[in-house]
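Examining the three-dimensional arrangement
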Amino acid sequence: MKGFGVNLLGKLHLSSIQTKDLTTLGAAISILMGGLLVVILLSYTHRWKWLWREWLTTVDPKRLGVMYIIVAVLMLIRGGMDALMMRAQQATSVGSSHGVLSSSTFQQVFSAHGTIMIFFAAMGLMFGLFNLMIPLLIGTRDVAFPFLNATSFWLFCAGMVLVNMSLGIGEFSAAGWLAYPPLSELKYSPGVGVDYWIWSLQIAGIGSLMSGINFLVTILRKRCKGMTLMRMPMFVWSSLGASVLIIFAFPILTVTLFLLYLDRTLGMHFFTAGGGGNAMMYVNLIWAWGHPEVYILILPAFGVFSEVVATFSRKRLFGYRSMVWAIWAIVLLSFTVWLHHFFTMGAGADVNGFFGIMTMVIAVPTGVKVFNWLFTMYRGRIKFASPMLWFMGFIVLFTIGGVAGVVMAIPPADFQIHNSLFLVAHFHTMIVSGVLFGYFAGITYWFPKVFGFRLNEKLGKYAFYCWTIGFVLAFVPLYILGLMGATRRLDHYSSSLGWRPLFIVAGIGAVIIALGVVIQLIQLVYSILNRHEYRDVTGDPWNGRTLEWSVPSPAPSYNFAVLPEVRSRDPFWESKKAKVIHVPKKYIDVSMPKNTSSGIVIAVFALMFGFAAVWHIWILAAIGLLGLIIAIIYRLSDDNTEFILSAEKLARQDRVSDLAKEYVR
Amino acid sequence: MTETDVLTRKDILKEERMQRDSTRIFGFWVYLMTDCVLFAGLFAVYAVLHNNTFGGPSAKSLFSLHLVLTETLILLTSSFICGLGIVAAHHHNKRLTIVAFLLTMMLGLAFVGLEFGDFYHLASIGDSWRRSAFLSAYFTLVGTHGLHICVGLLWMAVMMFRLLKGKLTQSNIRRLTMLGLFWHFLDVVWIFIFTIVYLMGAVRA
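Residues numbered from 1 in each chain as written. Chains lettered and ligands numbered in written order. Predicted model: local features only at pLDDT ≥ 70, side-chain atom pairs only at ≥ 80, totals over all residues. Heavy atoms only, no water.

This brings us to the overall build of chain A. When helices and strands are tallied, chain A shows 20 helices and two strands. In summary, chain A has a C-alpha radius of gyration of 25 Å against a globular reference of 26 Å for 665 residues, a match within 12%. In chain A, which comprises 665 residues, the share counted as buried stands at 58%. Within chain A, contacts between residues at least 6 apart in sequence are counted, and of these 83% link residues at least 24 apart. Across chain A, the centroid of the 50 positively charged side chains sits 6 Å from that of the 30 negatively charged ones. (Helix = DSSP H or I, 4+ residues; strand = E, 2+ residues; numbered from the N terminus. Rg over C-alpha atoms; globule rule 2.2 N^0.38 Å. Buried < 20%, exposed > 50% of the residue type's maximum accessible area, 1.4 Å probe, protein only. Contact = heavy atoms within 4.5 Å. Lys, Arg positive; Asp, Glu negative; His and termini not counted. Charge placed at Lys NZ, Arg CZ, Asp CG, Glu CD.)

The helix and strand inventory of chain B stands at six helices and zero strands. Starting at the N terminus, the α and β elements of chain B follow one another as α-α-α-α-α-α. Taking 17 Å as the expected radius of gyration for a compact globule of 205 residues, we find that chain B reaches 21 Å, considerably beyond that expectation. Taken over the C-alpha atoms alone, chain B extends approximately 85 × 30 × 25 Å along its principal axes. Within the span of chain B, comprising 205 residues, buried residues form 49% of the whole. A separation threshold of at least 6 residues defines the contact pool for chain B, and within that pool the share at least 24 residues apart is 82%. Of the roughly 10,200 Å² of accessible surface on chain B, a fraction of 71% belongs to carbon and sulfur atoms. (Areas by Shrake-Rupley, 256 points an atom, 1.4 Å probe, with all protein chains shown as cover.)

What follows covers the interface of chain A and chain B. Contacts between the two partners involve 41 residues from chain A and, on the opposite side, 37 residues from chain B. Taken together, the two surfaces of chain A and chain B that pack against each other cover about 3,300 Å², and 66% of this comes from carbon and sulfur. It is R221, V255 and D589 of chain A in chain A that bury the most area against chain B; as a group they hold 15% of the surface buried on that side. Counting across the chain A and chain B interface gives three salt bridges. E642 of chain A is the partner of R20 of chain B in a salt bridge, and the nearest nitrogen-oxygen pair spans 3.1 Å. The interface formed by chain A and chain B includes 14 residue pairs in polar contact (both at pLDDT 80 or more). (Buried area = accessible area lost by both parts, 1.4 Å probe. Salt bridge = Lys/Arg side-chain N within 4 Å of Asp/Glu carboxyl O. Polar contact = N/O pair within 3.5 Å; in protein donor to acceptor, adjacent residues only side chain to side chain.)

All names here are of chain A. In this model, P181 is joined to P182 through a cis peptide bond whose omega is 5°. Following the sequence through the fold, P182 ends up in the loop between α6 (146-168) and α7 (193-221). With an omega of -10°, the peptide bond running from S553 to P554 counts as cis. Along the chain, P554 turns up in the loop between α16 (500-529) and α17 (571-578). In the Ramachandran plot, A179 falls in the positive-phi region, its phi being about 50° despite a non-glycine side chain. Residue position: A179 is located in the loop between α6 and α7. A relative accessible area of 1% places A179 in the buried class. Phi at H616 takes a positive value of approximately 60°, unusual for a residue other than glycine. Here H616 is to be found in the loop between α18 (598-615) and α19 (618-636). The class of H616 is buried, set by a relative accessible area of 17%.

Tallied over the entire structure, the rule returns zero disulfides over all chains. C36 of chain B takes part in no disulfide bond, and the closest cysteine sulfur to it belongs to C82 of chain B, at a distance of 18 Å. (Disulfide = S-S within 2.5 Å.)

Residues and elements named next belong to chain A. The terminal C-alpha atoms of α18, which comprises 18 residues, lie 26 Å apart, in line with the 26 Å expected from a rise of 1.5 Å per residue. Along α18, 13 of the 18 residues are buried, which leaves the element largely enclosed by surrounding structure. One or two residues past the end of α18 sits H616, with phi positive at roughly 60°. (Expected span 1.5 Å × (residues − 1).)

Moving on: the packing of aromatic side chains. Residue and element names in this part refer to chain A. A complete count under the given rule lists 73 aromatic pairs over all chains for this structure. Each ring, one from Y68 and one from F156, has its centre 5.1 Å from the other, and the planes form 50°; the classification is tilted. Here F156 lies in helix α6 and Y68 lies in helix α4 (residues 61-92), a separation of 88 residues in the sequence. Judged by its relative accessible area of 1%, Y68 falls in the buried class. Between the aromatic rings of Y196 and W615, the centroid separation amounts to 6.3 Å while the plane-to-plane angle is 85°, which identifies the pairing as edge-to-face. Residue Y196 is found in helix α7, and its partner W615 is found in helix α18; the two are separated by 419 residues along the sequence. With relative accessibility at 0%, the residue Y196 sits in the buried group. The side chain of R569 reaches across the aromatic face of Y320, ending 3.7 Å from its centre. Across from the ring centre of F147, 4.1 Å away, lies the NZ or CZ of R635, which sits over that ring. (Phe/Tyr/Trp six-rings, centres within 6.5 Å; stacked < 30°, edge-to-face > 60°. Lys NZ or Arg CZ within 6 Å of the ring centre and 35° of its normal.)

Looking now at a nonpolar patch on the surface. All names here are of chain B. A surface patch of nonpolar side chains, amounting to about 780 Å² of accessible area, comprises L69, L73, L76, V188, I191, F192, I196, M200 and V203. Breaking the nonpolar patch down by element, the ones donating at least two residues are α3 (65-90) and α6 (170-203). Among the elements that make up the nonpolar patch, the one with the highest residue count is α6 (six residues). Inspection of the secondary structure assignment puts L76 in helix α3. (Patch = residues over 30% accessible without salt bridge, like charges linked within 9 Å, V, L, I, M, F, W, Y side chains within 5 Å.)

This next bit is on the confidence of the model for chain A. On average, residues of chain A score 93 in pLDDT, and 97% of them reach the 70 mark or higher. For residues 1-6 of chain A, every residue scores under 50 in pLDDT, and the model assigns this stretch two contacts once sequence neighbours within four places are set aside. (pLDDT = per-residue confidence, 0-100.)

Once that is clear, we can look at the pairing of strand β1 (residues 590-593) of chain A. All names here are of chain A. Going residue by residue along β1, you find V590 and M592 tucked away on one face and S591 and P593 tucked away on the opposite face as well. Of the pairings in the sheet, the one linking β1 to strand β2 (residues 642-645) comprises four bridges and is antiparallel in character. Bridge pairing in β2 links P593 to E642. (Pairing = 2+ DSSP bridges.)

Moving on to the packing of α3 of chain B against α6 of chain B. All names here are of chain B. α6 packs onto α3 with a crossing angle of 160° between their chain directions and a minimal axis gap of 10 Å. Judged by the inter-axis angle, α3 sits roughly antiparallel to α6. As for how α3 packs across α6, the hand of that crossing is left-handed. Of the residues assigned to the contact of α3 with α6, the class counts are 17 nonpolar, eight polar and two charged. (Axes fitted to C-alpha atoms, helices over the stretch in contact; angles between N-to-C directions. Parallel < 35°, antiparallel > 145°, perpendicular 65-115°, else oblique. Left-handed = near helix turned anticlockwise from the far one by under 90°. Nonpolar A, V, L, I, M, F, W, Y, C, P; charged D, E, K, R; others polar.)

Before going further, it helps to examine the packing of helix α5 (residues 103-137) of chain A against helix α9 (residues 279-313) of chain A. Any two packed helices are characterised by the angle at which their axes cross and by the distance between the axes. Residue and element names in this part refer to chain A. At their nearest, the axes of α5 and α9 sit 10 Å apart, and the two run at 40° to each other. Viewed along their axes, α5 and α9 adopt a mutual orientation that is oblique. The crossing of α5 and α9 is left-handed. Of the residues in α9, those touching α5 at I118, F119, A122, M123, M126, L129 and F130 are W289, E293, I296, L297, P300 and V304. Broken down by class, the residue content of the contact of α5 with α9 amounts to twelve nonpolar, no polar and one charged.

If you look at the biggest cluster of nonpolar residues, it comprises 263 residues, and the most contacted ones within it are W197, W289 and W373 of chain A together with Y138 of chain B. A total of 21 residues in this core trace back to one element, the largest contributor, which is α9 of chain A. With residues up to four places along the chain from it excluded, the contact list for W197 of chain A reads T115, F172, S173, G176, W177, L178, A179, L257, L260, Y282 and I286 of chain A. V590, M592, L645 and A647 of chain A belong to the second-largest nonpolar core, a separate cluster that totals nine residues. (Core = buried A, V, L, I, M, F, W, Y, C linked by side-chain atoms within 4.5 Å.)

As a further point, take the pattern of salt bridges. One pass over the full model with this rule turns up eleven salt bridges over all chains. The closest approach of N and O atoms between E54 of chain A and R63 of chain A, which form a salt bridge, is 2.9 Å. Residue class for E54 of chain A comes out partly exposed when judged on its relative accessible area of 33%. Each member of the salt-bridge network shares a partner with another, and the members are D639 of chain A together with R162 and R175 of chain B.

The next point concerns the confidence of the model for chain B. Residue and element names in this part refer to chain B. For chain B, mean pLDDT is 92; residues scoring 70 or higher make up 95% of the total. When mean pLDDT is compared element by element in chain B, helix α4 (residues 94-124) scores highest at 97, while helix α1 (residues 3-49) scores lowest at 87. Model confidence for the complex: the whole-complex pTM is 0.95, and ipTM, which rates the interface, is 0.95.

Structural data, given as structure tokens:
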């Protein structure tokens, strides 16, 4: 029976609301309760107007960066919960016991874990740091396209909301984090899970693509006077590399997701088993995006480490030029290795040989970078602050993980360990100790510049030790299990295999990592409560080298009262060394972008469209699309998007912060 | 405040605005490159699937070169006239700009109409995108181009509305320049579709 009401709501029924599975229900309820708590808190303190004016409509990259990082940390916690559940399942689901999760929930959990960690945790932290620091590092006031930047953030949020809606309404994809067909085709995944996956990534991915364009243009066009390319801080170079990768890789993701959706919705035959479709084409396409993606994530982390290691070794970065060339070698080579994700496809010895060799070659520029960092430390006066600890944890673990990667680059070896836990352990070593440690270091390092006070160092160090020890305990067993033959995404195994003790050790490791996260949260709260004690009055808490430390902390919304002019690398360090006496500043009027609600409105319509496309509610989809078009036209027709910050006002505010600095000295 | 102070302030802001305009056009170029990668993906998919007809019709039996040539000529002409419109805009000739873009729009609409008619015809004789992987790839590649043309037409409509209501301001000229880039870009993509999908489809045995 198909009544009108049913058609109007597409596939959505009252029974779609999640009630059966206790784990998912619990997660959905806790998210709702958390949301409710925030709403009550905001109403109680009368902060709604403040939230809307100062944050939701902001176009200031520093505020957007803060919001990116908040969302990313929430998603890191959600993805971490998924990880804990997987560890619990694999430690208990052995022999006659079938563990704590049903197999369908387990499949959704590992799919959600990968999706959320890559797209919403790691990408969120990365764009957060881009927004916070790139304008400051290149000596400018803003990104090239402030409104586009805000829209990117809100699209990222819309994707994030869609992923989490799947907890309560319907289900999430159970086809793994990259949804390989034919499993992800309608025939084998008839539910809405894969559609949720497609649309959350599609919406967030378009946001990422626009951010990539934005930061490329920002770095190429908005550097201050005297900052030639070869004087840019290494974080800016690596972000430029990542932006180029985003520009070339993300359109491929857009196409691939779009084609999969067409297959599922309009009955096309791109990747279907019948009709002449080619499932391996999907795997090629998704990894033509996916492999550059891992370098998109890691390059900015490399950049953070380059800044951190130079600052805390009190030396200029060793081998600046070779670092730059290493970045561009990685950018280029990252497009020539994607097939190593599926050597077992059967492409033949020549093809596998080529991609195997290219995979080994791409380890060379990475090795160059590792040695450059080590040589920077050599004979430096190293200060073991927590960002530096994250770096040192990284350099050990990352090298081990990298060597494991080179092992897998050998096609015959890969045939043995393909899709095993060895692979899982390898890429977690790269992404946790590479990407995540890098972003943690970056957040700790730049926190005072954004908020005006430092994070508690002691708690930061405890968190680091928990993360590192927990990481080793959680993933070394997986390397061993992988070599013993344990495959990834394993729901259940026989007790005769003797794997259980290792899985239990891995579970303990995961709990220690969770403890590290708890300590980080305590560190944040503790530092906020004691912020007067940790206040950074000089604007230069670490004895820094680059431009961002030359402005007061927290950095004002306009960043620089007078745009700087640089004559060397590490300009702030050089000027401190030369003891330059303040040159009289010449203030001029500045035009700044006005806050706008268009970004969030566009994202709400995009979310509406995405939700409707998941559930085939075509009327709502039409409304969403129409709203989207009207909102974009409305915004683009607005010529009055800027205001003038007068020279007098700038001078007044700048003098106050200069006086504060003098007072401290 | 002296008069010279006021003058320099204005000059500085004006220069800033000029720089921002050129940055925006550069940004638009970068966007076009991402679109280029998107089409490259669709062309690659078409190249992989174009022989997977699954017992259905092949490119040779399906496409009429007369129709496609007409479409091509219409689109090329529209691009030429659009180019004239941009020149007129840069010469601050508002009337000529409007005329040129209205003509471009009419040609664009004719192109979309022909393409839609062709799609409708194919679907009605049972050769829709469901028929085979080849047809899925064909409809998606050519359809995505058609969708871009529709976006361009919508953009032109909005710009014409702006021009009829207001002046040919610097910001409008910048928008028209970007629109022109977009339109020429779609033309280039069409040349590839014409060559790879239609011509190469026709000569293949």
